[in-house]
Amino acid sequence: MEFWVTQAFNGISYGALLFLLAGGLSLIFGMMRIVNMTHGSYYLLGGYVGLTVIWQNGPFVLAILVGALVIALIGVGEWNAFLKRLGGQELGQVLTTMGFALIFQDLGLVIWGGDPYTIPTPQVLSGAFELGQMFFPVYRVFIVLVALAVAVVLWLVLERTRVGAMMRATVDDAEMARGVGINVTLISMCVFSLGAFLAAVAGVVAGGFVGVYPGADFEILPYAFVVVIVGGMGSLKGAVIGSLMVGLLDNFGKALFPELSYFTLFAPMAAILAVRPTGLFGRA
Amino acid sequence: MRETLFQGYQGVVLGVVGLLLFVAPPFLSSFLLTLLTQSLIYAILAMSLDIILGYTGLASLGHAAYLGLGAYSVGILSTKYGAGFWVALAAGVLLAVVVAAIFGLVALRATGVYFLMITLALGMVVWGLGHRWVSMTQGDNGISAIPRPKLPLPWSFAESIPFYYLALAGFLLAFFILRVIVRSPFGQTLVGIRESESRMRTLGYHVWLHKYIGFLIAGGIGGFAGVLWAYYNGFVSPADLQLATSVEILLMVALGGRGTLFGPALGASIIVLLKNLVSVYTHRWLLILGAVYIGTIVYAPEGIVGALRQWTQRASPAPLRAET
């Protein structure tokens, strides 16, 4: 019983982290059909920038904000200079964003070196809630709350505001959206930077529990992709459910079948896609 | 006329390159010879991807899986069961084809971005097994001390020059098989599907079956490259089949020129040489490789062969109208 509850909690908190990372990626996919291999780099660089803020004695909240804003700007730059023109060319997008991912990986190595770091978290978030024999680290509860807050805000923006309606229209049919006078290019740029912003938030938050280290970018990237494909591109609900599924499958897979853990993660994904090629909540 | 003009050049170029590859070994340092051997093996892999990417128009993000399947077959069979070259070769290619047959059923339900993503997930399944199925694959440590193949021939493949010729033979075999395939009616149908799937369907072609067979061929030849790779390296680890490798194969094909067969082989050798030579001089070779990725898309979206083809067309006299 304790095993199941603890593992479920770990899975959910990892899923929450994945949601922060993949929520924006899903919108980017849904809106622009851009395969963004740089998304993992945004996560890693966000963590590094946040770390630098903490080294300068900045508070944790400022680390998250500065990390996210810097990365959002980098994302806007990359999108404007290159990706904007590669609409509909999957191969071009994959290779260009992969090129950036390699460059960012190397720059990270040049600037921050090859050592792994852990971002020190505030006193308030340390320790654990105790419930009988079980411990729930406060920091993991905090991640779940952050992800919940982001999900609610995103949902409100998408469903209850004019900008959100424009975004949904762009996801549904970019050509028609352009036809009724929506500035699809501007909306796309905003969504791309929002995705980069959230990935960096995930990077700083993850820095406090799995750490920031070279290679984290390509380690987390497939997870983000899998969340998006399983949930369906461009669907917020899909991203939430996909993140939870991946988080739980990953945790239980590693705990129950350590030898086959990645198989237990990726094989069900492939099975879902075999039945529904556009993901659980995606539309073609 | 324009096409035949270029094909005339192409025949000469292929002949010269083939001859150079054949006589080169005695003139090369051992370092360059190993790089050339590596290039040949990666060229096989890139050409196999070209069947589905260049000719059929399906970008796969999981092609490293077939390299891994071939390589792990050799690794496991030859170190655990002492299997010989032909058994390991047959097993490696067969396993790659069988896995491609299963993956194809799943992946070919989608196109475009969805195809990319599904092949990525499938590639990760194979990587995950290599990474975690420790009792079979030794996990991240990889399988080492794979012996070079022993064949009833007067020379030993443990030496680098004979092994180079083995790789060259493998490369030529793969090249001619693929060349026959792409020039056959079947290959032309694949090109037709790339240009317009709906039109081919209307014309009565079984589009799915053609794609599926193309997918199997790509997988099988990819597995063949993996077999040679394991023998060449004497070592196989999950790093050989990670996502970054799959993207690198895509780059090789795009850099050389999609749908030209010769182009991907050229792209593969450029990337192999670049990675190994640049890393001798600087630690910052990832920056350079990243720039090559971006530069390829910005400056040569049709690849080197595509750019050359355009150039020769522009240089040749304007065609008569009647030809079109």
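Refer to the preceding data block for the structure.
Conventions we followed
Throughout this document, residue positions are counted from 1 along each chain, in the order its sequence is written. The naming scheme follows written order: chains are lettered A onward, ligands numbered 1 onward. It should be noted that, the model being predicted, local features are given only for residues of pLDDT at least 70 and side-chain atom pairs only at 80 or more, the latter also being counted only at that level, while totals for whole chains, interfaces and linings use all residues. Note that water and hydrogens are dropped before the side-chain values are worked out from all heavy atoms of the structure. A run of H or I in DSSP becomes a helix once it reaches four residues, and a run of E becomes a strand once it reaches two; helices and strands are each numbered from the N terminus. We compute the radius of gyration over the C-alpha atoms and compare it with the globule rule, which gives 2.2 Å times the number of residues raised to the power 0.38. Residue burial is assigned from relative accessible area. The probe radius is 1.4 Å, only protein chains are included, and a residue is buried under 20% of its type maximum, exposed over 50%, and partly exposed in between. In this description, accessible areas are obtained by the Shrake-Rupley approach with a 1.4 Å probe, and a residue is regarded as covered only by the protein chains that are shown. His residues and chain termini do not enter the charge count, which takes Lys and Arg as positive and Asp and Glu as negative. Charge placement uses NZ in Lys and CZ in Arg. For Asp and Glu, CG and CD serve respectively. For this document, the term salt bridge refers to a Lys or Arg side-chain nitrogen within 4 Å of an Asp or Glu carboxyl oxygen. Pairing of aromatic rings covers Phe, Tyr and Trp, the last through its six-membered ring, and needs centres within 6.5 Å; plane angles under 30 degrees mean stacked, over 60 mean edge-to-face, and all others mean tilted. Two strands pair if DSSP finds at least two bridges between them. By definition in these notes, contact holds between two residues if any of their heavy atoms fall within 4.5 Å. We define buried area as the total accessible area lost by two parts upon association, computed with a 1.4 Å probe and summed across both. Each residue receives one of three labels: charged for Asp, Glu, Lys and Arg, nonpolar for Ala, Val, Leu, Ile, Met, Phe, Trp, Tyr, Cys and Pro, and polar for the others, Gly being one of them. Where helices are involved, their axes are fitted lines through C-alpha atoms of the stretch in contact, as for all axes, and angles between N-to-C directions lie from 0 to 180°. Angles are sorted into four bins: roughly parallel if under 35 degrees, roughly antiparallel if over 145, roughly perpendicular if 65 to 115, and oblique for all others. The term nonpolar core refers to a set of buried residues drawn from Ala, Val, Leu, Ile, Met, Phe, Trp, Tyr and Cys, joined through side-chain atoms within 4.5 Å. Two N or O atoms form a polar contact when they lie within 3.5 Å of each other; inside protein one atom must be a possible hydrogen donor and the other a possible acceptor, and for residues adjacent in sequence the pair counts only when both atoms belong to side chains. Working rule for helices: expected span equals 1.5 Å times residues minus one.

1. A few points about the overall build of chain B
Alright, step 1. Secondary structure summary: chain B contains 14 helices and zero strands in total.
Alright, step 2. The C-alpha atoms of chain B give 20 Å as radius of gyration, which agrees with the globular expectation for 324 residues (20 Å, within 12%).
Alright, step 3. Its C-alpha atoms give chain B principal-axis dimensions of roughly 65 × 50 × 45 Å.
Alright, step 4. Put simply, chain B has 324 residues, and 56% of those count as buried.

2. What about the overall build of chain A?
Alright, step 1. Looking only at helices and strands, chain A features eleven helices and two strands.
Alright, step 2. Start at the N end of chain A and walk to the C end: the helices and strands fall as α-α-α-α-β-β-α-α-α-α-α-α-α.
Alright, step 3. A compact globule built from 284 residues should have a C-alpha radius of gyration of about 19 Å, and chain A, at 19 Å, falls within 12% of that.
Alright, step 4. Projected onto the principal axes, the alpha-carbon positions of chain A cover approximately 60 × 45 × 35 Å.
Alright, step 5. Here chain A holds 284 residues, and 56% of them are scored as buried.
Alright, step 6. With an accessible surface of roughly 11500 Å², chain A has 68% of that area assigned to carbon and sulfur atoms.
Alright, step 7. Separation of charge centres in chain A, based on 12 positive and 14 negative side chains, amounts to 14 Å.

3. Observations concerning the pattern of salt bridges
Alright, step 1. According to the stated counting rule, one finds eight salt bridges over all chains in the structure shown.
Alright, step 2. The salt bridge partner of R284(B) is D106(A), with a shortest N-O separation of 2.9 Å. In this pair, R284(B) is assigned in the loop between α12 (262-281) and α13 (285-299) and D106(A) in helix α4 (residues 90-112), connecting two distinct chains.
Alright, step 3. Exposure remark for R284(B): the relative accessible area of 28% places this residue in the partly exposed category.
Alright, step 4. Residue classification places D106(A) among the buried residues on the basis of a relative accessible area of 1%.

4. Re the packing of aromatic side chains
Alright, step 1. All chains considered together, the criterion is met by 25 aromatic pairs over all chains.
Alright, step 2. Considering the side-chain rings of W55(A) and Y117(A), the 5.1 Å spacing of their centres and the 85 degrees angle between planes classify their relative orientation as edge-to-face. With W55(A) in helix α2 (residues 39-55) and Y117(A) in the loop between α4 and β1 (128-131), this pair connects stretches of sequence that are 62 residues apart.
Alright, step 3. In this structure Y117(A) comes out as partly exposed when scored by relative accessible area, which is 23%.
Alright, step 4. Look at F171(B) and F175(B): their rings are 6.1 Å apart centre to centre, the planes differ by 25 degrees, and that puts the pair in the stacked class.

5. Quick word on the pairing of strand β2 (residues 134-137) of chain A
Looking along a regular strand, one sees the side chains alternate between the two faces of the sheet.
All names here are of chain A.
Alright, step 1. What you see with β2 is a clean split: M134 and F136 sit on the buried side and F135 and P137 on the side with no burial.
Alright, step 2. As defined by bridge partners, β1 adjoins β2 across four bridges and the pair is classed as antiparallel. Across the sheet, residue F129 finds its bridge partner in β2, namely F136.

6. Comments concerning the environment of A63(A)
All names here are of chain A.
Alright, step 1. For A63, the position within the fold is in helix α3 (residues 60-81).
Alright, step 2. Overall, A63 belongs to the buried group, its relative accessible area being 0%.
Alright, step 3. Residues A63 and G253, 190 residues apart in the sequence, show an inter-C-alpha distance of 33 Å.
Alright, step 4. Other than its neighbours up to four places away in sequence, A63 contacts G50, V53, I54 and V204.

7. Examining the interface of chain B and chain A
Alright, step 1. Between chain B and chain A, the contact holds 42 residues from the first and 44 residues from the second.
Alright, step 2. Taken as a group, Y114(B), M117(B) and R132(B) account for 19% of the area that chain B buries against chain A, more than any other trio of residues on that side.
Alright, step 3. Between the two partners, chain B and chain A, sit one salt bridge.
Alright, step 4. Elements represented by at least two residues in the side of chain B that touches chain A include exactly α5 (112-132), α6 (134-137), α11 (243-256) and α13 of chain B.
Alright, step 5. Class assignment for the residues of the side of chain B that touches chain A results in 32 nonpolar, six polar and four charged.

8. Re the packing of helix α2 (residues 30-55) of chain B against helix α8 (residues 185-195) of chain B
Residues and elements named next belong to chain B.
Alright, step 1. Two elements in contact, α2 and α8, have axes separated by 8 Å at closest approach and are oriented at 45 degrees. Considered as vectors, α2 and α8 are oriented oblique to each other. Each of I51, G54 and Y55 in α2 lies in contact with α8, whose residues at this interface are L190, V191 and R194.

9. A short note on the nonpolar core
Alright, step 1. With 204 residues, the main nonpolar core has M37(A), L61(B) and M117(B) as its most contacted residues.
Alright, step 2. Element by element, the count of residues in this core is highest for α2(B), at 15 residues.
Alright, step 3. In this structure M37(A) touches V94(A), T97(A), M98(A), A101(A), L221(A), F225(A), L61(B), L243(B) and V247(B), once residues within four positions along its chain are discounted.

10. Remarks on the environment of A59(B)
Alright, step 1. Its place among the elements puts A59(B) in the loop between α2 and α3 (64-80).
Alright, step 2. Taking the C-alpha atoms as reference, A59(B) lies 8.5 Å from V113(B); in sequence the two are 54 residues apart.

11. Regarding the side chain of E78(A)
Residue and element names in this part refer to chain A.
Alright, step 1. Considering the arrangement of structural elements, one finds E78 in helix α3.
Alright, step 2. Of the side chains bearing the opposite charge, R85 lies closest to the buried E78, which forms no salt bridge; the N-O distance is 13 Å.
Alright, step 3. A distance of 3.1 Å separates a polar atom in the side chain of E78 from a polar atom in the side chain of T38.
Alright, step 4. Setting aside its immediate chain neighbours within four residues, E78 contacts N36, T38, Y42, L83, T97, F100 and F104.

12. Quick notes on helix α10 (residues 207-233) of chain B
All names here are of chain B.
Alright, step 1. An ideal rise of 1.5 Å per residue puts 39 Å on 27 residues; α10 measures up with 39 Å between its terminal C-alpha atoms.
Alright, step 2. Burial of α10 is extensive: 23 of the 27 residues sit out of reach of the surface.
Alright, step 3. One or two positions beyond α10, positive phi appears at G234, with a value near 70 degrees.

13. Concerning unusual backbone geometry
Residues and elements named next belong to chain B.
Alright, step 1. With a phi close to 65 degrees, Q138 is a non-glycine residue in the positive phi region.
Alright, step 2. With respect to the element layout, Q138 can be found in the loop between α6 and α7 (160-183).
Alright, step 3. On the accessibility criterion, Q138 (40% relative accessible area) is partly exposed.
Alright, step 4. Of note in the backbone geometry, L261 takes a positive phi value of approximately 65 degrees without being a glycine.
Alright, step 5. You can call L261 buried: its relative accessible area is 3%.

14. A closer look at helix α10 (residues 236-256) of chain A
Residue and element names in this part refer to chain A.
Alright, step 1. Between its first and last C-alpha atoms α10 spans 30 Å; for 21 residues at 1.5 Å apiece the expected length is 30 Å, and the two agree.
Alright, step 2. Every buried residue of α10 is accounted for by L236, G238, A239, G242, S243, V246, G247, D250, N251, F252 and G253.
Alright, step 3. Structurally, α10 contributes buried residues whose contacts are with α1 (2-32), α5 (138-160), α9 (216-231) and α11 (261-275).
Alright, step 4. Between a side-chain oxygen at the N-terminus of α10 and the backbone nitrogen of G238 the separation is 2.8 Å; the capping residue is S235.

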